[in-house]
Amino acid sequence: KAKSDGRNTYCFYAPEQDAHSEERFTLLQKLRSAVANKDFELYYQPIIDLHTGRTASVEALLRWPQSDGSMIGPDKFIPLAESAGVINTLGSWVIAQACLFCASQRERGHSDLRIAVNISALQFNDGMLKSYVEEALATAKLPPEALELELTESLFLNESSAILQQLSALTDMGITISIDDFGTGYSNLAYLRKFNASTLKIDRSFIHPLTSDDNDVPLVQAMITMASSLGMHTIAEGIEDEATKQMLIEMGCQLGQGYHWSKPLNEQEITDKLRN
Ligand code: C2E
Ligand code: MG
Ligand code: MG
Ligand code: MG
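Predicted model only: the values in this text are computed from it and were never measured. (Residues numbered from 1 in each chain as written. Chains lettered and ligands numbered in written order. Predicted model: local features only at pLDDT ≥ 70, side-chain atom pairs only at ≥ 80, totals over all residues. Heavy atoms only, no water.)

(A) Looking closely at helix H4 (residues 129–140). The end-to-end C-alpha separation of H4 is 17 Å, in line with the 16 Å expected for 12 residues at 1.5 Å each. For H4, every residue scored as buried is listed here: Leu129, Val133, Ala136, Leu137 and Ala140. Buried residues of H4, seen end-on, are gathered within an arc of 95 degrees and therefore sit on one face of the element. Of the residues in H4, the exposed ones pointing more than 90 degrees away from the buried face are Glu135, Ala138 and Thr139. The secondary structure elements touched by the buried residues of H4 are helix H3 (87–107), strand S5 (147–152) and helix H6 (161–173). (Helix = DSSP H or I, 4+ residues; strand = E, 2+ residues; numbered from the N terminus. Expected span 1.5 Å × (residues − 1). Buried < 20%, exposed > 50% of the residue type's maximum accessible area, 1.4 Å probe, protein only. Arc of directions from axis to C-beta. Contact = heavy atoms within 4.5 Å.)

(B) Summary view of the coordination of the magnesium ion (ligand 3). All of the protein donors around the magnesium ion (ligand 3) are Asp180 (OD), Asp181 (OD), Glu237 (OE) and Glu237 (OE); their distances to the metal are 2.0 to 2.6 Å. Within one chain, the residues serving as donors to the magnesium ion (ligand 3) are arranged as D-D-x55-E. The metal-metal distance between the magnesium ion (ligand 3) and the magnesium ion (ligand 2) is 4.2 Å, with Asp180 coordinating both. With Asp180 in strand S6 (residues 176–182) and Glu237 in the loop between strand S8 (233–236) and helix H10 (242–250), this pair connects stretches of sequence that are 57 residues apart. Overall, Glu237 belongs to the buried group, its relative accessible area being 11%. (Donors = N, O, S within 2.8 Å, 3.2 Å for Na, K, Ca; no water.)

(C) Looking closely at the packing of aromatic side chains. Here the structure, examined in full by the defined rule, presents 5 aromatic pairs. Ring geometry for Phe40 and Trp64: centres 5.9 Å apart, planes at 35 degrees, overall tilted. Of this pair, Phe40 sits in the loop between helix H1 (2–36) and strand S1 (41–49) while Trp64 sits in strand S2 (residues 55–65), placing them 24 residues apart in sequence. Exposure class is identical for Phe40 and Trp64. Each is buried. (Phe/Tyr/Trp six-rings, centres within 6.5 Å; stacked < 30°, edge-to-face > 60°.)

(D) Layout of the coordination of the magnesium ion (ligand 2). Taken together, Glu59 (OE), Asn118 (OD1), Glu150 (OE) and Asp180 (OD) make up the protein donors of the magnesium ion (ligand 2), found 1.9 to 2.2 Å from the metal. Binding-site remark: the magnesium ion (ligand 2) is held by donors from one chain whose sequence spacing is E-x58-N-x31-E-x29-D. Taking the relative accessible area as the measure of exposure, Glu150 reaches 2% and is therefore buried.

(E) Spatial organisation of unusual backbone geometry. Positive phi is not limited to glycine here, since Lys38 has a value of about 55 degrees. You can call Lys38 partly exposed: its relative accessible area is 38%. One non-glycine residue, Asp181, adopts positive backbone phi at about 55 degrees. Mapped onto the elements of the fold, Asp181 is located in strand S6.

(F) Quick look at helix H11 (residues 267–275). Where H11 is concerned, the buried positions are Ile270, Thr271 and Leu274. The buried residues of H11 occupy an angular sector of 105 degrees when projected down its axis, which confines them to one face. Counted as exposed and oriented over 90 degrees from the buried face of H11: Gln268 and Arg275. Of the surrounding elements, those touching the buried residues of H11 are S1, S2 and H3. The backbone nitrogen of Gln268 has a side-chain oxygen 3.1 Å away, supplied by the residue at the start of H11, namely Asn266. (Polar contact = N/O pair within 3.5 Å; in protein donor to acceptor, adjacent residues only side chain to side chain.)

(G) Structural detail: the nonpolar core. Counting 76 residues, the largest nonpolar core has Phe40, Ile115 and Leu248 as its most contacted members. If one sorts the elements of this core by residue count, H3 sits on top with 10 residues. Excluding residues within four positions of it along the chain, Leu248 makes contact with Leu50, Ile207, Leu210, Val220, Ile224, Ala236, Ile239 and Cys253. (Core = buried A, V, L, I, M, F, W, Y, C linked by side-chain atoms within 4.5 Å.)

(H) Geometry of the site of ligand 1. Not every one of the 22 residues close to ligand 1 is listed here, only the nearest: Arg63, Asn118, Asp180, Glu240 and Tyr259. One of the side-chain nitrogen or oxygen atoms of Gln45 is found 3.1 Å away from a nitrogen atom of ligand 1. Between ligand 1 and Glu59, the relevant distance is 3.0 Å, taken from an oxygen atom to a side-chain nitrogen or oxygen of the residue. Protein chains bury 84% of the 800 Å² of accessible surface belonging to ligand 1 in isolation. For the shell around ligand 1, the elements supplying multiple residues, two or more each, are S2, helix H2 (74–83) and S6. A per-element tally of the shell around ligand 1 places S2 first, with 4 residues. In the shell around ligand 1, the residues fall into 8 nonpolar, 5 polar and 9 charged. (Near = heavy atom within 4 Å. Areas by Shrake-Rupley, 256 points an atom, 1.4 Å probe, with all protein chains shown as cover. Nonpolar A, V, L, I, M, F, W, Y, C, P; charged D, E, K, R; others polar.)

Shown next as structure tokens:
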């Protein structure tokens, strides 16, 4: 009995795996044509100065609208875009759009607003990132100081001199680098220092339990203190309530982002929000 169950189970899974890869293939085809047609939308989430309550910058977050009105989130299609070799085309479109958005908000009176853009490690592969950035800034007439690139820790683990060179060329221009999802990878801050990052974004998984789990308090405190002693700012991701915000202010964190202020908004919604 057990044996035949085992065999049935095996036979049952095989066609399902086929269906799965067929679904993936269809999604890939759809993604390629969406990239060619620039069929994406940028959402924006404010990053707040915890002391003044002002919006210091906004993070651009990519969405893929579907014909049925739903949205596919980046966690699902960014890895696909990376494996399909279209992340550079998609990523340079994001940089260009985000710079245009920031410039238009500056013209509306938010004269010191900055824009943060997520960059995939693979966007360093063709050596073109700097020229994409320069072109986007020039087209939008945006100063380089307005642009922050968010990179994840995994990129910094890679000691590739090609990446290091491109990063220092970007920071030499005046662009700033932040380390996204900090604490989820394996790298240490002292090591990260040599990449000239100016900001540390503490991952949401450490921020969310702050008010309920005492264990994370000393950990987050250590990250903030260490960052500050290295001359870096900290942004706490995923702040969802006032109590968490207060704890982070007491710990010396300068900036915060999360549903407590706003979820990511479409261009019209964020424009309305920034006006008020
Ligand atoms: P991330 O850069 O760490 O962005 C923060 C994510 O946390 C966003 O998810 C945001 O919607 C979510 N978030 C913000 N505040 C809260 C909160 O208070 N509570 C909770 N539960 N979540 C919050 P999203 O938009 O789904 O993006 C997921 C990831 O996809 C991003 O993580 C980033 O790594 C990646 N991504 C987004 N846009 C791009 C892009 O243009 N290029 C690349 N390469 N990656 C992107
Ligand atoms: Mg980010
Ligand atoms: Mg993050
Ligand atoms: Mg993330």
